[in-house]
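This is what each chain is made of:
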Amino acid sequence: MKRNLDYIWPALGFAAVLVSFWLLYRQFQGQSLGPQLVAAFRAIPPSHYLLALASTVVAYVALAFYDRIALLHLGVSNISWRFVAACSFTTYALSHNIGASVVSGAMVRYRGYSSKGLSAAQIAMLVAITSLTFVLGEAVVGGVALVLRPQALAQLGEFLPSFLPSFLSTFLTDSATARIIGFALLALVALYCVGSVLRLPPLTLFGARIEYPHWEIVLRQLIAAPAEILGAAGIIYFALPDAGNPGFIVVLAVFIVSFSAALASNAPGGLGVFELVFLKSMPGAPQDGVLAALLLWRLLYLLLPLALAIPVIMGFEERRLAEAIQHHHHLAEEQAEIHAKSRAHD
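Residues numbered from 1 in each chain as written. Predicted model: local features only at pLDDT ≥ 70, side-chain atom pairs only at ≥ 80, totals over all residues. Heavy atoms only, no water.

What about the overall build of the protein?
Phase 1 of the analysis: Across its full length, the protein holds twelve helices and two strands.
Phase 2 of the analysis: When each of the 346 residues of the protein is scored for burial, the buried share is 39%. (Helix = DSSP H or I, 4+ residues; strand = E, 2+ residues; numbered from the N terminus. Buried < 20%, exposed > 50% of the residue type's maximum accessible area, 1.4 Å probe, protein only.)

Next up, the structure:
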């Protein structure tokens, strides 16, 4: 079964890419998209390009805090900030582009943190804490967005199945429903905080034992996770045209849904899936302007970090190889010395 899943999940991911590209083709069929995109990129003010770049920096700095928070939870404090930032950056640069972020992120982190003496169990816990931090951030930001701008839920009406009764579709996209979902998400976050402060017994969900982190860890999670999501969504917001721009809160809510759909699709980098959901959720904005903003997001948040991460990974692996060769050389010298002493004694 496990061997079959190794093939099924990648196949589903690539299928999601193909279907998304087909739907995007239908969305823009008959339009001269090239000149429109060039015009849309030129229409973005230089100051907004700088703000989008600053948002990218904020997002990746916050992602570095994800790893730092997890290490603090594990009681590990002997790893330098520089190494943590480099390991986090390369982890997310690869996992965001490759897909299957939990698996690919665990592989990169294992290579990095095992060189600092962390065990496989500690690295697994680190990955779990970083994933929990992200989910916590989505709950906080998504809950606040739905409470403040409940009409954002109506943006997703396009994705509801056509066979649903009209009353159910209306209920699912109603502002009151959005506020209920928003308050429910914030209530779950509040319960998580209360469990941490009161040091409640660990939860057991589906056989997994979940212990509440110390309240100082939770406080750091509540700062880092929203900052990362706000930064990532800010890239798109600053690149969107003024015409039809629904405001940052709505863009934020749509970003969370689009990014979650991209992660769930298992498509490499969420390619096509992210764009499709976002475009369909922004019907009031010029589609060429939205597509230009999404392409800029993909460039700054995915492709540029990937290009910067590759030399970092190559340098790390080169150092590890040199250390392994040096270690093997020392062992050979020690064995030769022992052998020489043994012959002299004989």
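Re the pattern of salt bridges
Pairing is possible between side chains of opposite charge, provided their charged atoms come close.
Phase 1 of the analysis: Counted under the stated rule, the structure contains two salt bridges.
Phase 2 of the analysis: Glu275 is the salt-bridge partner of Arg298, the closest N and O atoms lying 2.7 Å from each other. Placement of the pair is Arg298 in helix α12 (residues 287-345) and Glu275 in helix α11 (residues 273-280), with a sequence separation of 23 residues. (Salt bridge = Lys/Arg side-chain N within 4 Å of Asp/Glu carboxyl O.)

Thoughts on the confidence of the model for the protein
Phase 1 of the analysis: Summing up the model confidence of the protein, the mean pLDDT is 79 and the portion of residues at 70 or higher is 71%.
Phase 2 of the analysis: The secondary-structure element of the protein with the lowest mean pLDDT is helix α1 (residues 2-28), recorded at 49, while helix α9 (residues 215-239) shows the highest, at 95. (pLDDT = per-residue confidence, 0-100.)

Some remarks on the packing of helix α6 (residues 120-148) against α9
Phase 1 of the analysis: Contact geometry of α6 with α9 gives a least axis separation of 8 Å together with a crossing angle of 70°. Taken as axis vectors, α6 and α9 run roughly perpendicular relative to one another. Facing α6, whose interface residues are Ile129, Leu132, Thr133, Phe134, Leu136, Gly137, Glu138, Val140 and Val141, α9 presents Gln221, Leu222, Ala225, Pro226, Glu228 and Ile229.
Phase 2 of the analysis: Of the residues belonging to the contact of α6 with α9, the class tally is ten nonpolar, three polar and two charged. (Axes fitted to C-alpha atoms, helices over the stretch in contact; angles between N-to-C directions. Parallel < 35°, antiparallel > 145°, perpendicular 65-115°, else oblique. Contact = heavy atoms within 4.5 Å. Nonpolar A, V, L, I, M, F, W, Y, C, P; charged D, E, K, R; others polar.)

Considering the packing of aromatic side chains
Phase 1 of the analysis: Following the criterion strictly, the structure yields 16 aromatic pairs and no others.
Phase 2 of the analysis: Here the aromatic rings of Tyr192 and Tyr212 are separated by 6.3 Å at their centres, their planes lie at 45°, and the arrangement is tilted. Here Tyr192, found in helix α8 (residues 175-197), pairs with Tyr212, found in the loop between β2 (208-210) and α9; they are 20 residues apart in sequence, far enough to count as distant.
Phase 3 of the analysis: Ring geometry for Phe259 and Trp297: centres 6.4 Å apart, planes at 85°, overall edge-to-face. Remark: Trp297 occurs in helix α12 and Phe259 occurs in helix α10 (residues 248-265); sequence separation between them is 38 residues. For the pair formed by Phe259 and Trp297, the shared burial category is buried.
Phase 4 of the analysis: Aromatic rings pair up to connect Tyr60, Phe89, Phe134, Phe255, Phe259, Phe274, Phe278, Trp297 and Tyr301 into one cluster.
Phase 5 of the analysis: Between the NZ or CZ atom of Lys116 and the centre of the ring of Phe83, over which it lies, the distance is 4.7 Å. (Phe/Tyr/Trp six-rings, centres within 6.5 Å; stacked < 30°, edge-to-face > 60°. Lys NZ or Arg CZ within 6 Å of the ring centre and 35° of its normal.)

A closer look at α8
Phase 1 of the analysis: Between its terminal C-alpha atoms α8 stretches 33 Å, which fits the 33 Å expected from 23 residues at 1.5 Å a residue.
Phase 2 of the analysis: At the N-terminal end of α8, a side-chain oxygen is found 3.0 Å from the backbone nitrogen of Ala176, two or three residues along, and the residue is Asp174. (Expected span 1.5 Å × (residues − 1). Polar contact = N/O pair within 3.5 Å; in protein donor to acceptor, adjacent residues only side chain to side chain.)

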